[in-house]
Amino acid sequence: MQPDPNPERFHRHALQPEEAQRLILEHVRPLPVESVPLLEAWGRRLAEPVAAPHPFPPFRRSGMDGYAVRTADLMNAAADGPAELIVVESLPAGKAPRFPLGPGQACRIMTGGMVPEGADAVVMLEMTKTEQREGNSYVLISKRVPAGNNISEIGSEMQTGARLLEAGQLIGTGETALLAACGCAPVSVTRRPRVGVLSTGSELLEVDEPLEPAKIRNSNAPMLAALLKAAHVEPVMLGKVPDDIEAARTLVEKGLRECDLLLTTGGVSVGDYDVMVDVLANWDGRMLFNKVAMRPGSPTTAAVLDGKLLIALSGNPGACFVGFNLFVLPALKAMQRVSNPYGKSFTARLGAEFPKVNAFRRYIRGSSEVRDGMVWVTPTGEDKSSLMTTIVGADCLIEIPPLKETLEQGELVTAWRIE
Ligand SMILES: Nc1nc2c(c(=O)[nH]1)N[C@H]1C(S)=C(S)[C@@H](COP(=O)(O)OP(=O)(O)OC[C@H]3O[C@@H](n4cnc5c(N)ncnc54)[C@H](O)[C@@H]3O)O[C@H]1N2
Ligand code: MOO
Ligand SMILES: [Mg+2]
């Protein structure tokens, strides 16, 4: 098969990365909402904000094992003249007090126990002595304590109506604890995005196939699956197609029917067999862009068909990785109702000089470390979009602006966290 040379391929309008991101986000549709049991909610994203339905703690709670007292009774307590209080009740956690505490009285209370009315402090057990006399129990306290001592007031952690979690927030450890404490079960989450992964390229072998002349194993599809799993999204593996327009079109259309978002790799540049270019040149969908003013990943392409997004990533592994972080991750977040789905940047010092002259902005795979109280970011290796070895150990993308001269070691740069 020899595709017709298409002069349009050579006339592309390059968008700035921010414009390309914005265009993608404009075409994202939030996915439906579903309810899941709390223990299945970890790694999902909340469909709606969560506010505290009641104060927490919901009662005045002891923070220590000891005695609930009235501080007025301890006014004259001293080592040589301890206050002596009669113990009227024992309050394990979970038991409501039967009566309020009167003057001269104390309650034995455990951590997590409900402090009785009238008491305004808890004295820890180690600061007390007890005595038994005539069938009664007395506690001796030889030191004053301030009012409020060892008591968590009602609502001291959260008041009724306090906004605790946002729509789109990833449910992790702390979120799970809060949802449980607030009785939010089942949890309202966005359905997990179904993301198709399709590789193009006649040179691609399966991972378990032996090498053959001119062939390589498909590494982008497993890499994208790993990236999706790291984002708590289940990939739908659609396999690979050779550089054949009809075969590619069939699988692209099937992928878009079955998935919420389709990712393809390869075939987006100007080569004779760059099959995605031909699929997208003649189909019912709408092209959003087919060039981004960045390296790697300049031929990254995006399109929509029937309201669903196709992000056609470059075949070069490094460019595929960068394209996923810059364009796919924000889309996945927006599909799951994250209000600010963009990546997070930070300012750091460049760990090694960057001598390359750039017409386009570059996103270099880098690793970050704190040295002498400063964050430093250093490229993980040579900046070539064909390399996979530089993806290993990368925890950020170092942004290098278009430059005519070397960027020196130690200069301040922007870096983007790889999540
Ligand atoms: N004349 C020009 N040539 C190229 C240009 C250009 O502007 N003019 N752009 C270069 C840039 S930049 C990039 S990036 C690549 C983009 O290539 P494609 O997205 O079209 O990808 P392919 O041609 O299919 O493959 C490129 C490269 O990646 C390997 N590859 C592809 N798929 C996989 C996979 N699933 N796993 C591992 N490796 C894969 C493929 O074998 C090629 O080596 O184009 C430049 N060329
Ligand atoms: O845009 Mo490409 O990924 O630099 O080689
Ligand atoms: Mg190509």
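Rules and cut-offs
Residues numbered from 1 in each chain as written. Chains lettered and ligands numbered in written order. Predicted model: local features only at pLDDT ≥ 70, side-chain atom pairs only at ≥ 80, totals over all residues. Heavy atoms only, no water. Donors = N, O, S within 2.8 Å, 3.2 Å for Na, K, Ca; no water. Helix = DSSP H or I, 4+ residues; strand = E, 2+ residues; numbered from the N terminus. Near = heavy atom within 4 Å. Polar contact = N/O pair within 3.5 Å; in protein donor to acceptor, adjacent residues only side chain to side chain. Nonpolar A, V, L, I, M, F, W, Y, C, P; charged D, E, K, R; others polar. Areas by Shrake-Rupley, 256 points an atom, 1.4 Å probe, with all protein chains shown as cover. Buried < 20%, exposed > 50% of the residue type's maximum accessible area, 1.4 Å probe, protein only. UniProt positions renumbered as here; feature names shortened; annotations may be inferred. Expected span 1.5 Å × (residues − 1). Contact = heavy atoms within 4.5 Å. Domains from an automatic or database assignment.

### Quick look at the coordination of the magnesium ion (ligand 3)
At 2.2 to 2.5 Å from the magnesium ion (ligand 3) lie its protein donor atoms, namely Asp274 (OD) and Asp274 (OD). Structurally, Asp274 can be placed in the loop between β17 (261-265) and α5 (275-281).

### Some points on the site of ligand 2
Taken together, Arg295, Pro296, Gly297, Ser298, Pro299, Asn316, Ala319 and Ser385 make up all the residues around ligand 2. Measuring from an oxygen atom of ligand 2, one finds a backbone N or O atom of Ser298 at 2.6 Å. Here Asn316 contributes a side-chain N or O atom positioned 3.5 Å from an oxygen atom of ligand 2. Its residues assigned to classes, the shell around ligand 2 shows 3 nonpolar, 4 polar and 1 charged.

### Details of the site of ligand 1
Ligand 1 sits among 21 residues. The nearest are Glu203, Asn218, Val268, Ser269 and Gly315. With respect to ligand 1, the side chain of Asn218 contributes an N or O atom lying 2.8 Å from a nitrogen atom. Contact distances for ligand 1 include 2.9 Å between an oxygen atom and a backbone N or O atom of Ser269. Notes on ligand 1: free accessible area 870 Å², of which the protein chains cover 68%. Residue composition of the shell around ligand 1, grouped by class: 5 nonpolar, 12 polar and 4 charged.

### Side note on unusual backbone geometry
Of note, the amide linkage connecting Ala185 to Pro186 takes the cis form, showing an omega dihedral of -5°. As for its placement among the helices and strands, Pro186 is situated in the loop between α2 (173-181) and β12 (187-190). Residue Pro296 follows Arg295 across a cis peptide bond; omega there is -10°. Even without being glycine, Glu134 reaches a positive phi, approximately 45°. In this structure, Glu134 sits in the loop between β8 (128-133) and β9 (136-141). A relative accessible area of 75% places Glu134 in the exposed class. One non-glycine residue, Asn150, lies in positive phi territory at about 60°. Residue position: Asn150 is located in the loop between β9 and β10 (151-152). A relative accessible area of 24% means that Asn150 is categorised as partly exposed.

### Side note on the UniProt feature "domain: MoaB/Mog" (unreviewed entry) in the protein
The sites that UniProt annotates as "domain: MoaB/Mog" (unreviewed entry) are residues 196-334. As annotated, residues 196-334 comprises 36% helix and 27% strand, and the C-alpha atoms at either end are separated by 17 Å.

### Details of helix α4 (residues 245-258)
An ideal rise of 1.5 Å per residue puts 20 Å on 14 residues; α4 measures up with 20 Å between its terminal C-alpha atoms. Within α4 the residues assigned to the buried category are Ile245, Ala248, Arg249, Leu251, Val252, Gly255 and Leu256. Looking at the buried side of α4, the elements it contacts are β13 (195-200), β16 (235-241), β17, α5, β20 (301-305) and β21 (308-313). A distance of 3.3 Å separates the backbone nitrogen of Glu246 from a side-chain oxygen at the start of α4, and that oxygen is part of Asp244.

### A word on the domain arrangement of the protein
As far as domains go, the protein holds domain 1 (7-31 + 192-335), domain 2 (34-54 + 166-190), domain 3 (61-152) and domain 4 (345-417). For domain 2 versus domain 4, the separation of C-alpha centres amounts to 37 Å.

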